[in-house]
Amino acid sequence: MYTDEFLKGLIDCPKKIVDHPKEKEGRADFLKKSFGLISINEEYRFNGFITQSLVFDENFSIGLVFNPKDEKGTITLLRCNGRHGGTKEFPHHAEWHIHYADAEMINLGLKPEGRIITTNEYSTLDSAIQFYIQHINLMPEDRQKYFPPPSGQLDLF
């Protein structure tokens, strides 16, 4: 059984990149990069991904996926999303938003990222990437090497 505290700990634990970001094949109208991460204590493994629409710049998703050692499958812990068109059913799609894994959803066998919050932490793909790498606690040397701040922006963390 998962707890929200354990899931938060997975997001917060310091991480380093073990498989550098590379372009992946995917849908023709989206760019996709993926990369491998490991916790500094080497106890947990993760995958990261960045997808962006080639048609609509604000339609992107940046995620952190947990790969449990003792279970089959993966758990999406976090997705930082851009705006991709709100509807009555999904009004949060009209805003910058973050999906977080919810322990109850996981324990019920449902899609993990059931907790959704709108955010003002970012407003472009570049600022979302900078938010994400700080939020998942990526080691500073890997931040600088693989996701340097856009030119003219300082990395204060």
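Note that this is a predicted model, so its numbers are computed, not measured.

### Brief notes about the sheet that holds strand E7 (residues 115-118)
Then step 1. Here we have 7 strands laid out as an open sheet, ordered E1-E2-E3-E4-E5-E6-E7, and antiparallel in their pairing. A single partner strand is all that each edge strand has here, and the edge strands are strand E1 (15-23) and E7. Direction aside, the axes of adjacent strands within the sheet are offset by 15° on average.
Then step 2. Here 4 bridges tie strand E5 (residues 75-81) to strand E6 (residues 97-100), and the two strands are oriented antiparallel to one another. Pairing of cysteine 80 across the sheet is with isoleucine 98, part of E6.
Then step 3. Against the sheet, helix H1 (residues 4-12) contacts E1, strand E3 (45-53), strand E4 (60-67), E5 and E6, and its axis sits at roughly 60° relative to E5.
Then step 4. In the packing of helix H3 (residues 125-135) onto the sheet, contacts are made with strand E2 (30-39), E3, E4, E5 and E6, and the angle to E4 comes to roughly 20°.

### Quick word on the confidence of the model for the protein
Then step 1. Across the protein, the average pLDDT comes to 88, with 87% of residues at or above 70.
Then step 2. Mean pLDDT values for the elements of the protein range from 90 in E7 up to 97 in H1.

### Brief notes about the packing of aromatic side chains
Then step 1. If you walk through the whole model with that rule in mind, you get 10 aromatic pairs.
Then step 2. Considering the side-chain rings of phenylalanine 6 and phenylalanine 66, the 6.3 Å spacing of their centres and the 75° angle between planes classify their relative orientation as edge-to-face. Of this pair, phenylalanine 6 sits in helix H1 while phenylalanine 66 is found in strand E4, placing the two residues 60 residues apart along the sequence.
Then step 3. Residue classification places phenylalanine 66 among the buried positions, given a relative accessible area of 4%.

### Notes on the nonpolar core
Then step 1. Counting residues in hydrophobic clusters, the biggest one holds 34 residues, and the most contacted among them are Ile62, Leu64, Leu77, Leu78 and Tyr132.
Then step 2. Of all elements in the fold, only H1, E2, E3, E4, E5, E6, helix H2 (103-107) and H3 reach the threshold of two or more residues within this core.
Then step 3. With 6 residues, the top contributor of residues to this core is H3.
Then step 4. Excluding anything up to four places from it in sequence, leucine 78 contacts Ile11, Ile62, Gly63, Leu64, Ile98, His99, Tyr100, Tyr132, His135 and Ile136.

### Notes on H3
Count 3.6 residues to each turn of an α-helix, and residues three or four apart come out pointing the same way.
Then step 1. All buried positions along H3 are accounted for by Leu125, Ala128, Ile129, Gln130, Phe131, Tyr132 and Ile133.
Then step 2. Buried residues belonging to H3 abut E2, E3, E4, E5, E6 and helix H4 (140-146).
Then step 3. Looking at the residues trailing H3, positive phi occurs at asparagine 137, about 65°.

### Topic: the pairing of E5
Then step 1. In terms of residue burial, E5 counts as a mostly covered element, since 7 of its 7 residues are buried.
Then step 2. Here E4 runs beside E5; their pairing, made up of 6 bridges, is antiparallel. Bridged to valine 65 within E5 is threonine 76.

### Observations regarding a nonpolar patch on the surface
Then step 1. Residues Leu31, Leu54, Val55 and Phe56 make up a contiguous nonpolar surface patch of roughly 410 Å² in combined accessible area.
Then step 2. Mapped onto the secondary structure, leucine 31 falls in strand E2.
Then step 3. By relative accessible area, which is 43% here, leucine 31 ends up partly exposed.

Rules used in this analysis
- Residues numbered from 1 in each chain as written.
- Predicted model: local features only at pLDDT ≥ 70, side-chain atom pairs only at ≥ 80, totals over all residues.
- Heavy atoms only, no water.
- Pairing = 2+ DSSP bridges.
- Helix = DSSP H or I, 4+ residues; strand = E, 2+ residues; numbered from the N terminus.
- Axes fitted to C-alpha atoms, helices over the stretch in contact; angles between N-to-C directions.
- Contact = heavy atoms within 4.5 Å.
- pLDDT = per-residue confidence, 0-100.
- Phe/Tyr/Trp six-rings, centres within 6.5 Å; stacked < 30°, edge-to-face > 60°.
- Buried < 20%, exposed > 50% of the residue type's maximum accessible area, 1.4 Å probe, protein only.
- Core = buried A, V, L, I, M, F, W, Y, C linked by side-chain atoms within 4.5 Å.
- Patch = residues over 30% accessible without salt bridge, like charges linked within 9 Å, V, L, I, M, F, W, Y side chains within 5 Å.
- Areas by Shrake-Rupley, 256 points an atom, 1.4 Å probe, with all protein chains shown as cover.
- Salt bridge = Lys/Arg side-chain N within 4 Å of Asp/Glu carboxyl O.

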